[in-house]
Amino acid sequence: MKESYKDKVKQELCRAVARLIDDVSPELIPDDGMELVYAIPAARTPEDVGSCTLFPGRNHINMDNIEFGRVSAMTSGILTAIRFAPEIRCAGSIKNIDSLTWITDEMLFETSTCDAGAIPPGVSTMDWAVAFCSEQETGVPDILFIKNSLTKVQEARIFGENPGSVATNLIKISQRIIDATH
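Calculation criteria
Residues numbered from 1 in each chain as written. Predicted model: local features only at pLDDT ≥ 70, side-chain atom pairs only at ≥ 80, totals over all residues. Heavy atoms only, no water. Pairing = 2+ DSSP bridges. Helix = DSSP H or I, 4+ residues; strand = E, 2+ residues; numbered from the N terminus. Contact = heavy atoms within 4.5 Å. Axes fitted to C-alpha atoms, helices over the stretch in contact; angles between N-to-C directions. Salt bridge = Lys/Arg side-chain N within 4 Å of Asp/Glu carboxyl O. Buried < 20%, exposed > 50% of the residue type's maximum accessible area, 1.4 Å probe, protein only. Core = buried A, V, L, I, M, F, W, Y, C linked by side-chain atoms within 4.5 Å. Expected span 1.5 Å × (residues − 1). Polar contact = N/O pair within 3.5 Å; in protein donor to acceptor, adjacent residues only side chain to side chain.

Caption draft 1: Local environment of the sheet that holds strand β4 (residues 90-95). Spatial strand order, β3-β2-β1-β4-β7-β6-β5: seven strands in an open sheet with mixed pairing. Edge positions in the sheet fall to β3 (67-68) and β5 (111-115), since each has one partner strand and no second. Across five bridges, the pairing between β5 and strand β6 (residues 143-147) is parallel. Bridging from a neighbouring strand, Asp115 pairs with Lys147 of β6. Contacts from helix α2 (residues 73-84) reach β1 (34-39), β2 (49-54), β4 and β7 (154-160) within the one sheet, and its direction differs from that of β1 by about 40 degrees.

Caption draft 2: Quick peek at the pattern of salt bridges. In this structure the tally under the stated criterion is five salt bridges. Here Asp31 ties to Lys95 by a salt bridge, and the two come within 3.3 Å at their closest N and O atoms. One end of the pair, Asp31, is in the loop between α1 (2-23) and β1; the other, Lys95, is in strand β4, with 64 residues separating them in the sequence. On the basis of relative accessible area, Lys95 is assigned to the partly exposed category, the value being 30%.

Caption draft 3: Region of the structure containing the nonpolar core. Leu28, Ile78, Phe159, Leu170 and Ile173 are the most contacted members of the largest nonpolar core, which has 53 residues in total. Residue contacts for Leu170: discarding those within four places in its chain leaves Leu20, Val24, Leu28, Met34, Ile94 and Ile158.

Caption draft 4: Representation of α2 in the model. With twelve residues, α2 should reach 16 Å at 1.5 Å per residue; the first-to-last C-alpha distance of 17 Å fits that figure. For α2, the set of buried residues is Met74, Thr75, Gly77, Ile78, Leu79, Thr80, Ala81 and Ile82.

Caption draft 5: Here's a closer look at the side chain of Thr53. One can find Thr53 in strand β2. Within the structure, Thr53 has its side chain in polar contact with the side chain of Arg70 (distance 2.9 Å).

Set out below in structure tokens:
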């Protein structure tokens, strides 16, 4: 049963990546790549989460490039999100560029911001941020901004029910970035 879910996860991630390769703004792709994760229903462990990473300029992703069992902040974060909102099974890491906040506000995305400096020692930044925002706000936000006042690192995560919805939102954000710069 899990294998059929895993095949579907791989197929949906591949379709989303194919859309993103041509239409996502390179400005949104972090230097270490944009990790996309998608979990099977009722996922509980990293083995239940498919993951792939897009890099600027070299984005050929196929079913063989999608791995299950990868231990990463994104995998951990989606597993935490599922505990608060079981329908939210997909997430992507994006670069928090200067215009992202006003673009997402203008698009009426539910956003939440947390300071990584407030995270208790020994707790994953992503786990704590998702749990904190889910408990303090109205649930898992569409976009989670993680700010770190100590290191000046600005991160963002986008959440959705599936890779198609995450890809669609990333493409809409990308179009706003393009429109703002032209």
